[in-house]
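As a plain string of letters, each chain reads:
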Amino acid sequence: MNLKPLFDNVVVKPAKAEEQTKSGLVIPDSAKEKPQKGEIVAVGDGRWDDEGEKRVPMDVKVGDVVIYKEWGKTSIKIEGEEFFIMSQNDILAVANG
């Protein structure tokens, strides 16, 4: 993928929704709960500080698995795969492990 987000934006590949329950029941698409979790695949250079002199470093990096807000993301499709572009401010947490 050749996509470089600007400023403090990131590109996230969302995690797949559960296909089956633990007991083996198949979940139809209409009933699947969309996870608000995904892996960062591209990161911008960071926003400029209030004086416009220095870049504020990003708190996340490529490969981080993050939990993000339900709203505030832009959905795009690249080569048939869904990705989200969002501001770093829309990321709530980095999931470890």
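Here the structure is a predicted model, which means the values were calculated and not measured.

*Asks:* Would you take a moment to explain the side chain of Asp8 for this structure?
*Replies:* Within the secondary structure layout, Asp8 lies in the segment before β1 (9-14). It is Arg47 that comes nearest to the buried, bridge-free Asp8 among opposite-charge side chains, at 5.1 Å. Of note is the side chain of Asp8, whose polar atom sits 3.5 Å from the side chain of Ser87.

*Asks:* Looking at this model, I keep getting lost on the pairing of β1. Mind explaining?
*Replies:* In the case of a regular strand, side chains alternate between the two sheet surfaces. In this sheet, strand β5 (residues 81-87) lies alongside β1 in antiparallel orientation, the contact comprising four bridges. Bridge pairing in β5 links Val11 to Ile85. Sheet topology note: the β1/strand β2 (residues 37-43) ladder contains five bridges and is antiparallel. Across the sheet, Pro14 pairs through a bridge with Gly38, a residue of β2.

What counts, and at which threshold
Residues numbered from 1 in each chain as written. Predicted model: local features only at pLDDT ≥ 70, side-chain atom pairs only at ≥ 80, totals over all residues. Heavy atoms only, no water. Helix = DSSP H or I, 4+ residues; strand = E, 2+ residues; numbered from the N terminus. Buried < 20%, exposed > 50% of the residue type's maximum accessible area, 1.4 Å probe, protein only. Lys, Arg positive; Asp, Glu negative; His and termini not counted. Salt bridge = Lys/Arg side-chain N within 4 Å of Asp/Glu carboxyl O. Polar contact = N/O pair within 3.5 Å; in protein donor to acceptor, adjacent residues only side chain to side chain. Pairing = 2+ DSSP bridges.

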